[in-house]
Amino acid sequence: MEAARLTPTAGKFVVVGGGIAGVTCAEQLAIDFPSEDILLITASPVIKAVTNFKQVSKVLEEFDVEEQPSTMLENRFPNIKVVESGVKQLKSEQRCILTEDGNHHVYKKLCLCAGAKPKLICEGNPYVLGIRDTDSAQEFQKQLTQAKRIMIIGNGGIALELVYEIEGCEVIWVIKDKAIGNTFFDAGAAEFLTSKLISEKSEAKIAQKRTRYTTEGRRKEAQTKAHAGNIGSALGPDWHEGLDLKGTEEFSHKIHIETVCEVKNIYLQEEFRISEKKSLTFPKDRHNQSVTTDKEIWPVYVELTNEKIYGCDFIVSATGVTPNTEPFLYGNNFDVGEDGGLKVDDHMHTSLPDIYAAGDICTASWQPSPVWQQMRLWTQARQMGWYAAKCMAAASGGESVDMDFSFELFAHVTKFFNYKVVLLGKYNAQGLGPDHELLLRCTKGQEYIKAVLQNGRMMGAVLIGETDLEETFENLILNQMNLSAYGEHLLDPNIDIEDYFD
Ligand SMILES: Cc1cc2nc3c(=O)[nH]c(=O)nc-3n(C[C@H](O)[C@H](O)[C@H](O)COP(=O)(O)OP(=O)(O)OC[C@H]3O[C@@H](n4cnc5c(N)ncnc54)[C@H](O)[C@@H]3O)c2cc1C
Ligand SMILES: NC(=O)C1=CN([C@@H]2O[C@H](COP(=O)(O)OP(=O)(O)OC[C@H]3O[C@@H](n4cnc5c(N)ncnc54)[C@H](O)[C@@H]3O)[C@@H](O)[C@H]2O)C=CC1
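Residues numbered from 1 in each chain as written. Chains lettered and ligands numbered in written order. Predicted model: local features only at pLDDT ≥ 70, side-chain atom pairs only at ≥ 80, totals over all residues.

Looking at an unreviewed UniProt entry, one finds the chain named Pyridine nucleotide-disulfide oxidoreductase domain-containing protein 1 and attributed to Catagonus wagneri. In its Sequence similarities (unreviewed entry) section, the UniProt record describing the chain reads: "Belongs to the class-I pyridine nucleotide-disulfide oxidoreductase family. PYROXD1 subfamily." (UniProt positions renumbered as here; feature names shortened; annotations may be inferred.)

Attention now goes to the overall build of the chain. In terms of helices and strands, the chain carries 11 helices and 27 strands. Evaluated residue by residue, the chain yields a buried proportion of 41% over its 502 residues. Long-range pairs, those at least 24 residues apart, make up 68% of the contacts in the chain with a sequence separation of at least 6. (Helix = DSSP H or I, 4+ residues; strand = E, 2+ residues; numbered from the N terminus. Buried ≥ 20, exposed ≤ 12 C-beta atoms within 10 Å, placed from the backbone. Contact = placed C-beta atoms within 7 Å.)

Turning next to the site of ligand 2. Taken together, the neighbourhood of ligand 2 is formed by 21 residues, with Gly154, Asn155, Gly156, Gly157 and Arg376 sitting nearest. Looking at the shell around ligand 2, its residues break down into 8 nonpolar, 9 polar and 4 charged. Here the shell around ligand 2 spans two domains, since at least three of its residues come from each of domain 1 (2–116 + 321–407) and domain 2 (120–317). (Near = placed C-beta within 6 Å. Nonpolar A, V, L, I, M, F, W, Y, C, P; charged D, E, K, R; others polar. Domains from an automatic or database assignment.)

Positionally, Ile131 belongs in the loop between β10 (128–129) and α3 (134–144). Linking Ile131 and Ser365, residues 234 residues apart in sequence, is a C-alpha distance of 27 Å. The residues touching Ile131, leaving out its near neighbours within four places in the chain, are Pro118, Ser136, Ala137, Phe140, Ile158, Val316 and Ala318.

In the Ramachandran plot, Asn52 falls in the positive-phi region, its phi being about 50° despite a non-glycine side chain. Residue class for Asn52 comes out exposed when judged on the 12 C-beta atoms lying within 10 Å of it. With a phi angle near 50°, Arg95 is a residue other than glycine that sits in the positive phi range. Assessed through the 25 C-beta atoms surrounding it within 10 Å, Arg95 is described here as buried.

With that out of the way, let us pick up the sheet that holds strand β11 (residues 149–153). Strand order in the open sheet formed by 5 strands is β10-β18-β11-β12-β14, with parallel pairing between adjacent strands. Where the open sheet ends on each side, the last strands, each with one partner, are β10 and β14 (255–258). Examined bridge by bridge, β11 and strand β12 (residues 170–174) share 5 bridges and lie parallel to one another. Looking across to β12, one finds that Met151 is bridged to Ile172. (Pairing = 2+ DSSP bridges.)

With that out of the way, let us pick up the site of ligand 1. Neighbouring ligand 1 are 40 residues; Gly17, Gly19, Gly115, Gly359 and Trp378 lie closest to it. Split by residue class, the shell around ligand 1 holds 20 nonpolar, 16 polar and 4 charged. Each of two domains, domain 1 (2–116 + 321–407) and domain 2 (120–317), supplies a minimum of three residues to the shell around ligand 1.

To continue, consider the domain arrangement of the chain. By convention, interface size is frequently given as the accessible area that disappears when the constituent parts associate. With domains assigned, the chain is organised as domain 1 (2–116 + 321–407), domain 2 (120–317) and domain 3 (426–501). By residue class, the composition of the side of domain 2 that touches domain 3 is 3 nonpolar, 2 polar and 1 charged.

A few words on helix α1 (residues 20–32). Compared with the 18 Å implied by 1.5 Å per residue over 13 residues, the 18 Å span of α1 between its first and last C-alpha is a close match. Along α1, 11 of the 13 residues are buried, which leaves the element largely enclosed by surrounding structure. Inspection of α1 places Ile20, Ala21, Gly22, Val23, Thr24, Cys25, Ala26, Glu27, Gln28, Leu29 and Ala30 among the buried residues, and these make up the whole buried set. (Expected span 1.5 Å × (residues − 1).)

Turning to the sheet that holds strand β25 (residues 437–443), a few remarks are in order. Whether parallel or antiparallel, the strands of a sheet pair through hydrogen bonds between backbone atoms. Taken together, the 5 strands give an open sheet; going across it, the order is β23-β24-β27-β26-β25, and neighbouring strands pair in antiparallel fashion. Strands with a single pairing partner mark the edges of an open sheet, and in this sheet they are β23 (411–416) and β25. Neighbour to neighbour, the strand axes of the sheet diverge by 15° on average, direction disregarded. With 6 bridges connecting them, β23 and strand β24 (residues 419–425) associate as antiparallel partners. (Axes fitted to C-alpha atoms, helices over the stretch in contact; angles between N-to-C directions.)

Before going further, it helps to spend a moment on the nonpolar core. Counting 76 residues, the largest nonpolar core has Met151, Ile152, Cys312, Ile315, Val316 and Leu424 as the members making the most contacts within it. With residues up to four places along the chain from it excluded, the contact list for Val316 reads Leu129, Ile131, Phe140, Ile150, Ile152, Ile153 and Leu162. Residues Ile20, Val23, Ala49 and Val87 belong to the second largest nonpolar core, which totals 58 residues. (Core = buried A, V, L, I, M, F, W, Y, C linked by C-beta atoms within 7 Å.)

In structure tokens:
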């Protein structure tokens with residue numbers, strides 16, 4: 001291809017991916033280069049836009065997310081042109097991208113933001129579902145309406161949200177760990193939350209101020225445009241709010257948790273019958289009731305490593321994600337992280353010239369701040385997309401930018417079991433070794449506060465409930481003030497620590 005021999009300044013800024021990382025990156029480039037065309041190439045018929053962005057404190061941020069037709073982005077930024085087609089191949093030596101529609105797009109600087117896909121426990125089994133985008137969430141909802149019992153595998157964000165939201169269907173929740181929610185919580189916080197799960201689900205949900213996921217009337221439009229096999233953007237905060245997550249039965253929660261085990265075998269109905277193995281009934285609840293009987297015949301049976309076997313209608317594999325790198329790796333010598341992401345340096349630059357990456361697709365490979373870690377989250381996708389654009393802009397002017405402040409401190413606000421949850425820094429003492437101390441304050445059903453300290457300095461915190469401590473703790477972690485003198489009084493409910501430190 002002739003264009004391949006063009007100089008590096010030829011071509012456009014090209015961004016791949018219509019999720020939060022890609023859209024934020026394209027928008028920022030469009031602002032920085034108002035007279036240049038920015039190309040956004042995406043496989044999905046809709047894009048994700050951040051709206052109502054609010055910096056709540058130095059690092060905590062809140063925003064809504066809207067799924068929009070790509071024309072809305074082009075209307076807002078006339079210099080952004082959206083190409084609705086999947087990338088088939090990246091030819092990095094020729095500085096060009098080949099899309100499914102047969103076109104080549106030459107870039108001067110490229111940012112890859114193709115996200116990630118669910119890492120399923122077993123590929124190709126029609127009874128094993130993953131949840132990532134609008135289509136997969138709706139397929140899950142459809143199957144749930146016919147289900148009496150499902151099995152959820154995994155102990156991260158999706159599993160935590162599902163077990164709380166699903167009603168009218170028995171749920172067997174299989175986790176590798178001793179306590180629930182291992183990616184977000186330690187055993188203490190898990191116990192605090194489990195008590196909420198065991199008690200009846202509260203009728204009136206407390207209105208929370210938090211990141212809200214809105215699709216408004218646009219979901220229908222997106223669906224009619226969606227082509228089979230297309231990869232959509234990841235769902236995000238409150239993704240389940242528009243979905244009616246009800247099974248066939250009339251009851252609220254029926255959850256049985258199998259801990260410290262994994263899936264050993266999955267049998268289809270006929271395979272199971274031939275095997276002559278026996279499956280277990282759903283353990284009776286505290287009212288000694290069980291909805292399903294031992295006579296049930298299930299479409300699929302799961303044998304666990306603890307030798308127990310349960311039948312169910314289908315399995316949700318909520319077992320993490322794998323970065324979407326395939327179309328970019330062929331013929332290109334990228335450095336790839338252990339988690340399969342494209343390694344990026346502190347300027348979001350991959351190992352190949354003029355190719356950047358941001359969001360779920362990338363693996364942060366710089367020496368991070370002692371209180372920051374990568375997690376594949378909405379907020380980090382936005383921050384990385386924005387910062388990647390800044391770095392691309394600076395590099396094209398022969399300059400450099402300092403690392404953005406948002407990478408100084410890990411901060412995540414979310415909601416689990418209808419509690420506001422704020423995670424800061426090394427909230428689970430990740431990588432701190434044994435010489436750290438934990439300060440705890442817990443009021444059952446109301447709040448759970450954990451501060452992680454090392455050498456008298458606060459390194460992380462978990463705040464569950466309406467604690468109002470996030471800003472104070474954020475400051476204490478950022479300024480690394482020596483708190484030894486305060487000892488356990490730091491969390492004394494009779495002392496208003498906000499007055500001390502704000
Ligand atoms: C069910 C669920 C709930 C979640 N809840 C939360 C939450 O509460 N809080 C939070 O912070 N995070 C949450 N997350 C995580 C968050 O959604 C992701 O971290 C974030 O959206 C990643 O954004 P991204 O732009 O990197 O990737 P994505 O949103 O996955 O976007 C990738 C884009 O790339 C496009 N693409 C893929 N392959 C190609 C290709 N070959 N060619 C062209 N385009 C391509 C896709 O169509 C898509 O537009 C949740 C995720 C899921 C699945
Ligand atoms: N509120 C929030 O912040 C939410 C965030 N998310 C994000 O969306 C993405 C996808 O969510 P999840 O799939 O829940 O991923 P996750 O990374 O949060 O959790 C994966 C879980 O699966 C477990 N696991 C991995 N392999 C397993 C196996 N073979 N058998 C049994 N368990 C296994 C892990 O131990 C972990 O508990 C993540 O990046 C997550 O952070 C998702 C939902 C809500």
